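Fold and geometry: a report
One-letter residues, chain by chain:
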Amino acid sequence: MKDKLKKLTFAMLLMAMASTAAFAEVLTDSSDDVVWGYCDDDIYTSLGMGENEPFKCAIRIPSAVLAKYKGCTISRIDVRLVFNVTELVPVISTGGSENYADQPARLGVEGWNEIELENPYTIGTNDLYVGYQYVGSFAAATSKIRSEYGIYGFEEGKWEDYSEEGWGSFSIRFHIKGNNLPMDVAMMTNESIESPLGESVKLTPTIQNLSPEKVNSLTVHCYIDGVFEGSHEVAADIEKGKYGLLPFTITPSASPGMHNIKIQVVSINGKQDVDETNNTVTIPLTVIGKSFARRIVMEEITGTWCGHCPRGIHAMKTMAEKYPDNFIGIAVHGGDDEMAGADNYDALLYNILGGNFPSSIANRNSKYRLQASLGEMEDAMLAMKDNAIADIKAEMSVLDADTTAVMIKTNTEFGMDLTVPFRIAYVVVENGVGPYVQENYYSGSNVDLGGLEKEGQYIYMTFNDVARGIYDGFNGVEGSLPSTIKSGEVYSYDYRLQLPQNIDNKANIEVVAMIINQDSGEIANACKCKYDGKADNIRDIMDATSKETIIYNINGIRQDAPQRGINIIRMSNGMTRKMMVTGEK
């Protein structure tokens, strides 16, 4: 079923995004309950099994979380749909096929559906799966909020966890009624902060209001590397069950390097936060001794078959034109597309972005997982463009007359000492690909897409920044950067890249070199290089600074010529370089 769901959800994202305003009905409030769920009010995508097919979905609440509500009752389940459906039934299960909320089916309508339970369910000591079942199309809305418990589907007699698929969490909320319900907020964050030494840091963790009343103020304690930094009174305006930001500023007295900021909510509206299991988050802080300008890598998934993808095409083109020195676009084509099949990019297509076409991510930072719109891309780039911890420069030269391989020379510098593992990844992109026919659902619309809205439903287009592959894999080349980084030291690395066979015109290729943090998966910085017009060979590269060289393999054994893998080349002037050789020489 997972594979079927994956195939059936590709084109839903923009429809959901464009309709968000229409879906945002105000739900009935109740002053004596707590509203629980893992979703916000935005729609990320939608799932289902197809036309007139039953689909059963839920969120999971662990028994440890429900312990503070033991004896209270679930009185109502709210579910969000993106299409009208039939046979809508609420679901409460302890992990099997049983349904403790079974009641007569009803019609479900586009938007939020409030389902009052005819027999409220009394919370006990078990994990609960709370959701719904319906018959219809791809109607089950999801939110961009990600939780390990936020997205389950029922198949073959058991609940399957889809949290690793990148589809967000189901838009499901339920209401708990009871006496003396606790004041509680859940904190979460996907932030990582990079800041120059001595500068103030703005923190914006997300909180979910799980209290029986609106949150107006919070008292927050902050710690840096376990040392108390201070207490902060923060104003808030968060309705029951909703998410909001908790913004406040600190000036950390920390030396250059990697640190941790712990944020703990201690009171809500002047009342104690009773649940200490969910009121704390830790944010990684990198204090930079020397910072660099950051170039933003926007990896987008797109397809000629996707009628909503002109939105992403327009956004990527506009960003490249407006920010030529700071923006690097990589368009990964997928699905039934003649440009699909970029080497090693399945992790982006199906895990990070969950097969939602079009969508994108900036510098592989989960905070900036986007719907490939121009406004989102520009906001992300402006928020991230300063204070990179490293810089990278690259040059490309051709190694043979047939241009089957290129040599990429990189120089990388960090602004601080680090023991975090980093690698360099190399992405081959091609410009001027096509023309191919692009489907265009925006034809005749009033959405400004730089003129694409004035074109027909099918457009003959040439495509830029088309990803042909990422090497030596999605996370980069092992050994391309040392395990211990010293501030200010320049690390040189040569990578022999065998060009993929899916390139149409080798004169139009560029290579993006990206520094990837192996712990976080994020891109620390990147650059793009083009062929410099020189037809070099491996021996020419070694002779550029000296006529005599000594070549060793990674084990220190002397070689007559570079071998496949990592080579250590010692020049007669005392310089040494690493060179990676892949494929056939």
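Each value, and the rule that gives it
Residues numbered from 1 in each chain as written. Predicted model: local features only at pLDDT ≥ 70, side-chain atom pairs only at ≥ 80, totals over all residues. Heavy atoms only, no water. Helix = DSSP H or I, 4+ residues; strand = E, 2+ residues; numbered from the N terminus. Buried < 20%, exposed > 50% of the residue type's maximum accessible area, 1.4 Å probe, protein only. Areas by Shrake-Rupley, 256 points an atom, 1.4 Å probe, with all protein chains shown as cover. Pairing = 2+ DSSP bridges. Axes fitted to C-alpha atoms, helices over the stretch in contact; angles between N-to-C directions. Contact = heavy atoms within 4.5 Å. Disulfide = S-S within 2.5 Å. Phe/Tyr/Trp six-rings, centres within 6.5 Å; stacked < 30°, edge-to-face > 60°. Lys NZ or Arg CZ within 6 Å of the ring centre and 35° of its normal. pLDDT = per-residue confidence, 0-100. Salt bridge = Lys/Arg side-chain N within 4 Å of Asp/Glu carboxyl O. Core = buried A, V, L, I, M, F, W, Y, C linked by side-chain atoms within 4.5 Å. 1 Å grid on protein atoms, 1.4 Å probe; cavity = no way out; pocket = protein on both sides within 12 Å on 5 of 7 lines; lining within 4 Å. Points joined across faces, edges and corners; volume = space filled by probe spheres on them. Expected span 1.5 Å × (residues − 1).

As a further point, take the overall build of the chain. Scanning the chain from terminus to terminus reveals eight helices and 41 strands. Within the chain, the proportion of its 585 residues that are buried is 56%. Accessible area for the chain stands at about 24,100 Å²; split by element, carbon and sulfur atoms hold 46% of it.

A few words now on the sheet that holds strand β20 (residues 243-245). For sheets, the rule is that strands pair by backbone hydrogen bonds, running either parallel or antiparallel. The strand order across the open sheet built from three strands is β14-β17-β20, with neighbouring strands paired in antiparallel fashion. Each edge of the open sheet is held by one strand with a lone partner, namely β14 (185-188) and β20. For this sheet the average axis-to-axis angle between neighbouring strands, irrespective of direction, equals 30°. Here three bridges tie strand β17 (residues 206-209) to β20, and the two strands are oriented antiparallel to one another. Looking across to β20, one finds that glutamine 208 is bridged to tyrosine 243.

In this fold, histidine 221 is placed in strand β18 (residues 215-224). Residues histidine 221 and threonine 280, 59 residues apart in the sequence, show an inter-C-alpha distance of 9.4 Å. Those residues in contact with histidine 221 that sit more than four places away from it in its chain are Phe228, Gly230, Ser231, Lys262, Ile263, Gln264 and Val266.

On inspection of all chains with the given rule, the structure shows one disulfide. Between the sulfur atoms of cysteine 306 and its disulfide mate cysteine 309 the distance is 2.5 Å. Negative torsions about the S-S bond denote left-handed disulfides, and the value of about 90° found for cysteine 306 with cysteine 309 makes this one right-handed.

Across all of its chains, the model carries 15 aromatic pairs by this definition. Ring centres 5.7 Å apart and planes at 75° place the aromatic pair tyrosine 162 and tryptophan 167 in the edge-to-face group. Each member of the pair tyrosine 162 and tryptophan 167 is classed as buried. These aromatic residues form a ring-pair network of at least three members: Phe55, Tyr132, Tyr134 and Phe170. A cation over an aromatic ring shows up here: lysine 56 above the ring of phenylalanine 154, its NZ or CZ 4.2 Å from the ring centre. Sitting over the ring of phenylalanine 474, arginine 364 keeps its end group 3.6 Å from the ring centre.

Glancing now at the confidence of the model for the chain. Keep in mind that low pLDDT regions are not for reading the predicted coordinates in detail. Mean pLDDT over the chain works out to 85, with 87% of the residues at or above the 70 mark. Across the chain, the element-wise mean pLDDT spans from 30 in helix α3 (residues 20-23) up to 97 in strand β4 (residues 73-81). Below pLDDT 50 for its whole length, residues 535-548 participates in 34 contacts with residues either more than four positions away or in separate chains.

Let's shift gears to the side chain of threonine 286. Mapping threonine 286 onto the fold places it in strand β24 (residues 280-288). If sequence neighbours within four positions are ignored, threonine 286 has contacts with Ile193, Glu194, Ser195, Gly257, Met258, Ile389 and Met416.

All chains considered together, the criterion is met by 25 salt bridges. Across the pair lysine 68 and aspartate 275 runs a salt bridge, and its minimum N-O distance is 2.6 Å. Residue lysine 68 is found in the loop between α4 (63-66) and β4, and its partner aspartate 275 is found in the loop between β23 (271-272) and β24; the two are separated by 207 residues along the sequence. On the basis of relative accessible area, aspartate 275 is assigned to the buried category, the value being 10%. In this structure, lysine 290 engages glutamate 413 in a salt bridge whose closest nitrogen and oxygen atoms are separated by 3.0 Å. Here lysine 290, found in the loop between β24 and β25 (296-302), pairs with glutamate 413, found in strand β30 (residues 405-414); they are 123 residues apart in sequence, far enough to count as distant. Look at lysine 290 and you get partly exposed, because its relative accessible area is 41%. A relative accessible area of 18% means that glutamate 413 is categorised as buried.

This next bit is on the nonpolar core. Burial of nonpolar side chains together is a common tendency in soluble globular proteins. One finds Tyr69, Ile74 and Ile176 to be the most contacted residues of the largest nonpolar core, which totals 42 residues. Counting residues per element, the ones that place at least two in this core are β1 (33-37), β3 (53-61), β4, β5 (85-93), β7 (111-122), β8 (128-136) and β13 (172-177). Excluding residues within four positions of it along the chain, tyrosine 69 makes contact with Val34, Trp36, Ile123, Ile176, Leu181, Pro182, Asp184 and Leu210.

Roughly 780 Å³ of internal volume is contained in the second largest pocket. Taken together, 35 residues form the lining of the second largest pocket, with Ser192, Ile193, Glu194, Arg294 and Asn365 sitting closest to its centre. If you list the elements that add at least two residues to the lining of the second largest pocket, you get β15 (193-196), β16 (201-203), β24, α7 (374-384) and β37 (523-535). The element that contributes the greatest number of residues to the lining of the second largest pocket is β15, accounting for four residues.

Attention now goes to unusual backbone geometry. The peptide bond linking phenylalanine 357 to proline 358 adopts the cis configuration, its omega dihedral lying at -10°. Locating proline 358 in the fold gives a position in the loop between α6 (346-352) and β27 (359-362). The step from glycine 434 to proline 435 runs through a cis peptide bond, and the omega angle for that step is 10°. On the secondary structure map, proline 435 appears in strand β32 (residues 433-439). Its identity as a non-glycine residue notwithstanding, asparagine 344 has a phi of 70°, on the positive side. Topologically, asparagine 344 is positioned in the loop between β26 (327-333) and α6. Judged by relative accessible area, asparagine 344 falls into the partly exposed class, the value being 40%. We note that aspartate 465 has phi near 60°; this positive angle belongs to a residue other than glycine. Mapped onto the secondary structure, aspartate 465 falls in the loop between β33 (458-463) and β34 (466-471). Residue classification places aspartate 465 among the buried positions, given a relative accessible area of 12%.

With that settled, consider the pairing of β8. Within β8, eight of the nine residues are buried, leaving the element largely enclosed by the surrounding structure. For β5 and β8, the ladder comprises six bridges, and the chain directions are antiparallel. Opposite proline 90, over in β8, you have tyrosine 132 as the bridge partner.

Here the focus is helix α5 (residues 310-322). Over its 13 residues, α5 extends 18 Å from the first C-alpha to the last, a length consistent with the 18 Å expected when each residue adds 1.5 Å. When we look at burial in α5, the residues that qualify are Pro310, Arg311, Gly312, Ile313, His314, Ala315, Met316 and Met319.

Okay, the sheet that holds strand β10 (residues 152-155) next. Read from one edge to the other, the open sheet built from six strands follows the order β6-β5-β8-β3-β10-β11, with strand pairing classed as antiparallel. Two strands in the sheet have a free side with no partner beyond their single neighbour: β6 (106-108) and β11 (158-161). Across this sheet, the average inter-strand angle for adjacent strands is 40°, counted without regard to direction. Looking at chain direction, β5 and β6 are connected through two bridges and run antiparallel. Paired with leucine 88 across the bridge in β6 is arginine 106.

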